[in-house]
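Breakdown of the fold
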Amino acid sequence: SYQLKLAEKGYWCYDFSLPMLVLHALYMGTSRRLKSWLRKCPKKQITTLDTHDGIGVVDVIDLLNQDEIDKTIEHLYEKGSNIKRTYSGPEYQNLDVYQVNCTYYSALGCNDDAYLTARTIQFFTPGIPQVYYVGLLAGENDIQLVESTRLGRNINRHNYTLEEVATEVKKPAVQRLLKLMEFRNSYPAFNGEFNLFKSKDHELILEWCHKKHVATAYIDVKSYNTKITYTDPVASR
């Protein structure tokens, strides 16, 4: 509600609802709640899946019901690559009950296809995409750092060396993400109009159009199968 009120005044805002809505869609295999948000979300927004803080929970109140929120959090702890509930509690200097400390890649069980599906949803959502540095490198939970510092949020704040960056950037998930980012940053359709098409409960069809340029993402949130098609006006195809 805060973001929508800001948008009514013409201000830019952050879409902190998207991270939990995408997790809910990919965990439960249904896009119904996510579609509802995409139909009404602000157009002047910065989209996120991850930040230097945890994955926000309070932002999806009224977009997911309490049972859906609880089930999403349960799946997050099941999928979250060694994550413990204590990392988001007072024992680890975290008194904010409205977030879960976990990297987004770990939250998706370090599944490359699920992760690229999530990023495709983000990049086709109205707004300007923001990718956190750990997410850029498909980083996993830093258990050693969080245990040594006793600060829950450090699980998503790995201190990469230059050597680590050089290695991590070669990972298949990162290479796929970089190609997706290049497409999102350079293809003219994203300067145009956004369309959300009717589709089955486990599917998303998202499209951007600008003059003769059209980009369409076909996404299956149950199988993590994602396909992007786009027109090439120069080649007339």
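Figured I'd write up the structure that's included with this text.

1. Description of the pairing of strand β7 (residues 203-210)
Each regular strand shows side chains that alternate between the opposite faces of the sheet. Pairing between strand β6 (residues 193-196) and β7: four bridges, direction antiparallel. Residue E193 lies in a different strand from β7, and its bridge partner there is C209. Linking β6 back to β7 in an antiparallel pair, the connection comprises six residues. Pairing between β7 and strand β8 (residues 213-220): eight bridges, direction antiparallel. For H210, the partnering residue across the bridge sits in β8 and is H213. Following β7, the chain reverses through two residues before pairing antiparallel with β8; K211 in that reversal takes a positive phi of roughly 55 degrees.

2. Structural notes on the packing of aromatic side chains
According to the stated counting rule, one finds eleven aromatic pairs in the structure shown. Note on F183 and F190: the rings are 5.8 Å apart at their centroids and 85 degrees apart in plane angle, and the pair reads as edge-to-face. On the numbers, 5.2 Å between centres and 50 degrees between planes, the contact of F183 with Y230 is tilted. Taken together, the positions of F183 in helix α10 (residues 172-186) and Y230 in strand β9 (residues 225-230) put the pair 47 residues apart, joining distant regions of the chain. One residue, K227, lies across the ring of Y218, its end atom 5.3 Å from the ring centre.

3. Let's talk about the environment of K71
Relative to the helices and strands, K71 resides in helix α4 (residues 66-79). C-alpha separation for the pair K71 and H24, spaced 47 residues apart in sequence, amounts to 8.3 Å.

4. Some remarks on the sheet that holds strand β2 (residues 45-47)
The three strands lie next to each other as β1-β2-β5, forming an open sheet whose pairing is parallel. The open sheet terminates on both sides in strands that have one partner only, identified here as β1 (13-15) and β5 (128-129). Across three bridges, the pairing between β1 and β2 is parallel. Looking at β2, one finds that D15 is bridged to T47.

5. What to know about the pattern of salt bridges
What the rule picks out here adds up to nine salt bridges. One salt bridge connects K171 with E168, and the closest N-O pair in it is separated by 3.0 Å. Three or more residues joined by partner-sharing salt bridges are found here, namely R32, R33 and E68.

6. Some remarks on the packing of helix α6 (residues 112-124) against α10
Two numbers describe a pair of packed helices, the interaxial angle and the distance between the axes. Two numbers describe how α6 lies on α10: the axes approach to 10 Å, and their chain directions differ by 15 degrees. By the angle between their directions, the pair α6 and α10 is classed as roughly parallel. The handedness of the crossing between α6 and α10 is right-handed. Facing α6, whose interface residues are D112, D113, Y115, L116, R119, T120, F123 and F124, α10 presents P172, A173, R176, L177, L180, M181, F183 and R184.

About the criteria used
Residues numbered from 1 in each chain as written. Predicted model: local features only at pLDDT ≥ 70, side-chain atom pairs only at ≥ 80, totals over all residues. Heavy atoms only, no water. Pairing = 2+ DSSP bridges. Helix = DSSP H or I, 4+ residues; strand = E, 2+ residues; numbered from the N terminus. Phe/Tyr/Trp six-rings, centres within 6.5 Å; stacked < 30°, edge-to-face > 60°. Lys NZ or Arg CZ within 6 Å of the ring centre and 35° of its normal. Salt bridge = Lys/Arg side-chain N within 4 Å of Asp/Glu carboxyl O. Axes fitted to C-alpha atoms, helices over the stretch in contact; angles between N-to-C directions. Parallel < 35°, antiparallel > 145°, perpendicular 65-115°, else oblique. Left-handed = near helix turned anticlockwise from the far one by under 90°. Contact = heavy atoms within 4.5 Å.

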